Amino acid sequence: MNRLNNKFHLISYKEVLSIVIIISIILLNSTFTFSQSKESEEVTIGVLSFASKEDTVSKWQALADYLTDTVEGQEFKIKAMFYTEFQDCILEGNVDYILTNPAHFISISQEYELSGAIATLTEMSGGKAQFGFGGVIFTRNTPDAPSTISDLKGKTISAVALDSLGGYQASAYELKKAGIDPEKDLEIVLTGMPHNNTIDMVLAGQADAGFVRSGVIEKLIKAGELDKDALKIINEQNFTNFDQYISTTMYPEWPFIALSHIEPKQAQRVAASLYLMDDSPEYTERIGIFGFTIPSNYLEVEILMRELKLPPFDKEEQITLFGVWRQYYFELIITLVLIITVISYAVYKSRVGKILSAQNEELNNLTLKLRESNINLTEISIKDSLTGLYNRRHFEVFIRNTLNMIKIHNTTLSICVIDIDNFKQYNDNYGHNIGDLVLIEVAKNLQAHVNDINDIVARYAGDEFVIVFYDAAPHALKANAQKIIRDINKMEIKLPNSDEKLKVSISMGVTTTRPKCNHTSEEVFKSADNALFRAKEEGKNRYVFEDCSCIGCSDNIKNGESF
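Residues numbered from 1 in each chain as written. Predicted model: local features only at pLDDT ≥ 70, side-chain atom pairs only at ≥ 80, totals over all residues. Heavy atoms only, no water.

**Student:** Help me get a handle on the sheet that holds strand 15 (residues 464–470), residues and values and all.
**Tutor:** Spatial strand order, 14-15-13-18-19: 5 strands in an open sheet with mixed pairing. Looking at strand neighbours, the two that pair on one side only are strand 14 (456–461) and strand 19 (543–545), the edges of this open sheet. Direction aside, neighbouring strands of the sheet carry axes that sit 20 degrees apart on average. Pairing analysis gives 3 bridges linking strand 18 (residues 506–513) to strand 19, with the strands arranged parallel. Directly across from Gly509, in strand 19, lies its bridge partner Val544. Along the sheet, helix 16 (residues 432–447) makes contact with strand 13 (413–420), strand 14 and strand 15, crossing strand 15 at roughly 10 degrees. Each of strand 13, strand 15, strand 18 and strand 19 touches helix 17 (residues 474–490); the most contacted strand, strand 18, lies at about 165 degrees to it. (Pairing = 2+ DSSP bridges. Helix = DSSP H or I, 4+ residues; strand = E, 2+ residues; numbered from the N terminus. Axes fitted to C-alpha atoms, helices over the stretch in contact; angles between N-to-C directions. Contact = heavy atoms within 4.5 Å.)

**Student:** How would you sum up the pairing of strand 2 (residues 74–81)? Please name residues and give values.
**Tutor:** Note that strand 1 (residues 41–48) and strand 2 share 8 bridges and pair parallel. What sits directly across from Thr44, in strand 2, is Lys77. Handedness of the β-α-β unit built from strand 1, helix 2 (residues 53–70) and strand 2 comes out right-handed. (Right-handed = clockwise from strand over helix to strand, strands pointing away.)

**Student:** Describe the packing of helix 5 (residues 165–177) against helix 11 (residues 299–307), and please don't skip the residues or the numbers.
**Tutor:** In the contact formed by helix 5 and helix 11, the axes pass within 10 Å of each other and the chain directions differ by 70 degrees. Here helix 5 is positioned roughly perpendicular relative to helix 11, judged by the angle of their axes. Pair helix 5 / helix 11 crosses with left-handed handedness. Residue-level contacts link Leu165, Gln169, Ala170, Tyr173 and Lys176 of helix 5 to Val301, Ile303, Leu304 and Glu307 of helix 11. (Parallel < 35°, antiparallel > 145°, perpendicular 65-115°, else oblique. Left-handed = near helix turned anticlockwise from the far one by under 90°.)

**Student:** Explain the nonpolar core to me, and be specific about the residues and the numbers.
**Tutor:** In terms of nonpolar packing, the biggest core is built from 71 residues, with Leu63, Leu67, Tyr97, Phe256 and Phe292 touching the most fellow members. Core analysis: the second largest hydrophobic core is formed by 33 residues, Ile467, Ile488, Leu495 and Val510 among them. (Core = buried A, V, L, I, M, F, W, Y, C linked by side-chain atoms within 4.5 Å. Buried < 20%, exposed > 50% of the residue type's maximum accessible area, 1.4 Å probe, protein only.)

**Student:** Would you mind going over the side chain of Ser107 in detail, with residue names and values included?
**Tutor:** One can find Ser107 in helix 4 (residues 102–111). Taking relative accessible area as the criterion, Ser107 reaches 15% and is therefore assigned buried. For Ser107, the residues in contact, after removing those within four places along its chain, are Met305, Pro311 and Pro312.

**Student:** Mind laying out the sheet that holds strand 9 (residues 209–213), listing which residues take part and the relevant values?
**Tutor:** Strand order in the open sheet made by the 5 strands is 8-7-9-6-10, with mixed pairing throughout. Here the strands that pair on one side only, and so sit at the sheet edges, are strand 8 (187–190) and strand 10 (231–234). Put simply, the sheet's adjacent strands are angled 35 degrees from each other on average, direction ignored. When strand 6 (residues 135–140) meets strand 9, the two strands line up antiparallel, connected through 4 bridges. In the sheet register, Val136 faces strand 9, and the bridge partner there is Val212. Helix-sheet contacts for helix 5 involve strand 6, strand 7 (156–159), strand 8 and strand 9, and the interaxial angle to strand 9 is about 120 degrees.

See the structure below:
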């Protein structure tokens, strides 16, 4: 009996020991798995949703899967959001990247601090990459239908929605440029999505013309839902490597935006993966896109929004008596006092019977003072109040006029777009008053390099400046750019009440255009801005030349040269 009990105790001990070992192995494996899972940081991509959030997540999940597979140590997820949800998510830091339409990007960039677009979406059309989109203005293909933009005045127009860039705003802007006010001169009928509704209304004779996004008509024709001869395109445009109907300027596709809390190196890794996505059709085909490309210039979209007075520009540029008084109250008081003085003096002189010659002499003196006051008002309207440089409004007028001048005199125009490196750190570490001091000192330094009466330097926006050189020889332009970089590096800005001195560096993008190029001011600025972006990518504190590659320009500065 004792032997049996001993055997029983022995077997129980072995069983207990085995159970303990098995449990220990499971716990160790779970701990290892948990520690490995913690190594992957969760990253959220906020995507603008027009329809159901489920459909949006389903479409873009392949993007999150691709980035998770290609960006080491991070697990990406898609968060579908409507317009109204972005504000709280950005403020609370619930999203790391944003994929949205261009107009929404411009809107939120005016209100929140973003690192900017790191890539631009590339759509697919007929198996090829489609860089950009626009609006299509169409009518029925009948003899009595409108044929030109001017014919649309007073007509009924169908469109999907007023907040659609391709489906309304792009075409409305073309009409406004032609002198037709979309709000006053047209009767707009909104059909809602999809775009097919707009086409159906025109074909049914319920609207004289319609606006749709480029690519819609081709898809309906390919699907057999629309006769290719049923519609007539108004103001049809032709762009290189763009095989869709379009009636407007081309605008860039959706931007992929990094929020300000994302580290630059991490954003670069994500951007690099996005640029290579077109090599992974197993992901792009699931979404229905070609991939992503380097970030486009969204200035055209901002100009459109400002001209159409779309939020957040619907109130900013409105001129009111109160606004004029608040900005120019001192000059207005002087002007008013002078006017009252002129009137009072004239009445007084007439009453006392002074001779006409004396009265005219006094009036002439006062009129001269009025003219001087008006000149001062004009000067204020074209100068930046902080740095004393010309402002963006004057720069845009100046460059358009200079482009016309180089065609007359067969000369060249060069533009340098300059950005202070890491400017945000001055505001964050020292306060905005020191940031303002940096802007003022850099402005003085840049102004010292502009001596010709045909050249100007202007503050474009924030910490961004532009210099325009008229008829500058290539070697002189290169030498001047190098000197500007070096002189900025030599600056030492002494902090108030401190022995500390700040060092400053800048990045610069330079481009040159000639009469044969026939570039617009926007195209010249975009070329220099692209060069600035490359200078930033190559390490900052340098300049990059982005010269014209058209015929006749090959013997000038080498395209893409940097220093």
